[in-house]
Amino acid sequence: MAFLEWEENLSVGIKSIDKQHKKLIQIINDFYDNLQKESPEEILLNIIERLKEYTVYHFETEENLFEKYNFDGYDEHKKEHGEFVAKIEDFHERFKNGKMLMALEVVNFIKLWIFKHIMGTDKKYTAFLIEKGVE
Ligand SMILES: [Fe+2]
Ligand SMILES: [Fe+2]
């Protein structure tokens, strides 16, 4: 069983966004698996970089939609995204400096954050964006 399993209840009802969330979950699982396997540091570092890049890309996708359609919850949502990116950047920095002792703790935090963010914050835009025709 995967570290974080995609389930239908995680769907925000918008195919393109679900696809990105799945990809994000896949990277998190990949990191976890490699941590468990005690893979070389450069592999782990590489996955963290992918996670960082894809997270930023995904958040931009959402924020661009909020902007395009004038979504009310834009500021609040963007703030949450920013806080998470800062966490990932901090993790990336610490990891680069050889401080990977907390990696398991961090990956658990990431998993929980993503799950809660999709279930709570992301789902707040579902009805709004679907009504605007976003697929
Ligand atoms: Fe979001
Ligand atoms: Fe999202």
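Relevant structure appears above.
For every chain, the first residue of the written sequence is number 1, and numbering continues from 1 along that sequence. The order in which chains are written sets their letters, starting at A; the order in which ligands are written sets their numbers, starting at 1. Reporting of local features is limited, given that this is a predicted model, to residues whose pLDDT is at least 70; pairs of side-chain atoms are given and counted only at 80 or more, and all residues count toward the totals for whole chains, interfaces and linings. The basis for every side-chain value is the complete set of heavy atoms in the structure, and neither hydrogens nor water enter the calculation.

1. A word on the coordination of the iron ion (ligand 2)
Here is step 1 of the chain: Think of the donor list as every N, O and S atom within 2.8 Å of the metal, or within 3.2 Å for Na, K and Ca; water never makes the list, so a site can look incomplete. All of the protein donors around the iron ion (ligand 2) are His21 (NE2), His58 (NE2), Glu62 (OE) and Asp122 (OD); their distances to the metal are 2.1 to 2.2 Å.
Here is step 2 of the chain: Geometry at the iron ion (ligand 2) is irregular, judged from its 4 donor atoms and the angles of 84 to 168° they form at the metal.
Here is step 3 of the chain: Within one chain, the residues donating to the iron ion (ligand 2) are spaced in sequence as H-x36-H-x3-E-x59-D.
Here is step 4 of the chain: In this model, the iron ion (ligand 2) sits 3.4 Å from the iron ion (ligand 1), the two metals being bridged by Glu62. Taken together, the residues span a long stretch of sequence, with His21 in helix H1 (residues 15-36) and Glu62 in helix H2 (residues 41-69) at a distance of 41 residues.
Here is step 5 of the chain: Throughout this description, buried means an accessible area under 20% of the type-specific maximum (1.4 Å probe, protein chains only), exposed means over 50%, and partly exposed covers the range between. For His21, a relative accessible area of 1% translates into the label buried.
Here is step 6 of the chain: Residue classification places Glu62 among the buried residues on the basis of a relative accessible area of 0%. Sites are called tetrahedral only when four donors show all angles between 85 and 135 degrees, square planar or octahedral only when four or six donors show opposite pairs over 155 degrees and all other angles between 65 and 115, and irregular in any remaining case. The helix count covers DSSP runs of H or I at least four residues long, the strand count covers runs of E at least two residues long, and both are numbered beginning at the N terminus.

2. Topic: the packing of H1 against helix H4 (residues 103-121)
Here is step 1 of the chain: Two numbers describe how H1 lies on H4: the axes approach to 11 Å, and their chain directions differ by 165°. When the interaxial angle is binned, H1 and H4 end up roughly antiparallel. You can see that H1 and H4 cross each other, and the crossing is left-handed. On H4, the residues touching His21, Leu24, Ile28, Phe31, Tyr32, Leu35 and Gln36 of H1 are Ala103, Leu104, Val107, Ile110, Ile114 and Ile118.
Here is step 2 of the chain: When its residues are assigned to classes, the contact of H1 with H4 shows 11 nonpolar, 2 polar and no charged. In this analysis, axes come from line fits to C-alpha atoms, helices being fitted only over the stretch in contact, and the angle between any two N-to-C directions falls in the range 0 to 180 degrees. Angles below 35 degrees are treated as roughly parallel, those above 145 as roughly antiparallel, those between 65 and 115 as roughly perpendicular, and all remaining angles as oblique. Crossing handedness is defined as follows: a turn of the near helix away from the far one that is anticlockwise and smaller than a right angle gives a left-handed crossing, while the clockwise case is right-handed. The criterion used for residue contact is that any of the two residues' heavy atoms lie within 4.5 Å. The classification used treats Ala, Val, Leu, Ile, Met, Phe, Trp, Tyr, Cys and Pro as nonpolar, Asp, Glu, Lys and Arg as charged, and all other residues, Gly among them, as polar.

3. Side note on the coordination of the iron ion (ligand 1)
Here is step 1 of the chain: Here the iron ion (ligand 1) is held by the protein donor atoms Glu62 (OE), His77 (NE2), His81 (NE2), His117 (NE2) and Asp122 (OD), which lie 2.1 to 2.2 Å from it.
Here is step 2 of the chain: On the primary sequence, the residues serving as donors to the iron ion (ligand 1) are separated as E-x14-H-x3-H-x35-H-x4-D.

4. Remarks on the packing of aromatic side chains
Here is step 1 of the chain: Two rings from Phe, Tyr or Trp (for Trp, the six-membered ring) form a pair when their centres sit within 6.5 Å of each other. Planes less than 30 degrees apart are called stacked, planes more than 60 degrees apart edge-to-face, and all others tilted. What the rule picks out here adds up to 12 aromatic pairs.
Here is step 2 of the chain: Centre to centre, the rings of Phe59 and Trp113 are 6.1 Å apart; their planes meet at 55°, and the pair counts as tilted. Of the two residues, Phe59 sits in helix H2 while Trp113 sits in helix H4, which places them 54 residues apart along the sequence.
Here is step 3 of the chain: Judged by relative accessible area, Phe59 falls into the buried class, the value being 3%.
Here is step 4 of the chain: We classify Trp113 as buried; its relative accessible area is 16%.

5. Topic: unusual backbone geometry
Here is step 1 of the chain: One non-glycine residue, Glu38, adopts positive backbone phi at about 55°.
Here is step 2 of the chain: Residue classification places Glu38 among the exposed positions, given a relative accessible area of 69%.
Here is step 3 of the chain: Its identity is not glycine, yet Asn70 carries a phi of approximately 60°, on the positive side.
Here is step 4 of the chain: With respect to the secondary-structure elements, Asn70 resides in the loop between H2 and helix H3 (74-96).
Here is step 5 of the chain: Taking relative accessible area as the criterion, Asn70 reaches 65% and is therefore assigned exposed.

6. Concerning the environment of Ala127
Here is step 1 of the chain: Looking at where Ala127 falls in the secondary structure, it is placed in helix H5 (residues 126-131).
Here is step 2 of the chain: Note on Ala127: relative accessible area 58%, which makes it exposed.
Here is step 3 of the chain: Considering only alpha carbons, one finds Ala127 and Ile14, 113 residues apart in sequence, at a separation of 9.6 Å.

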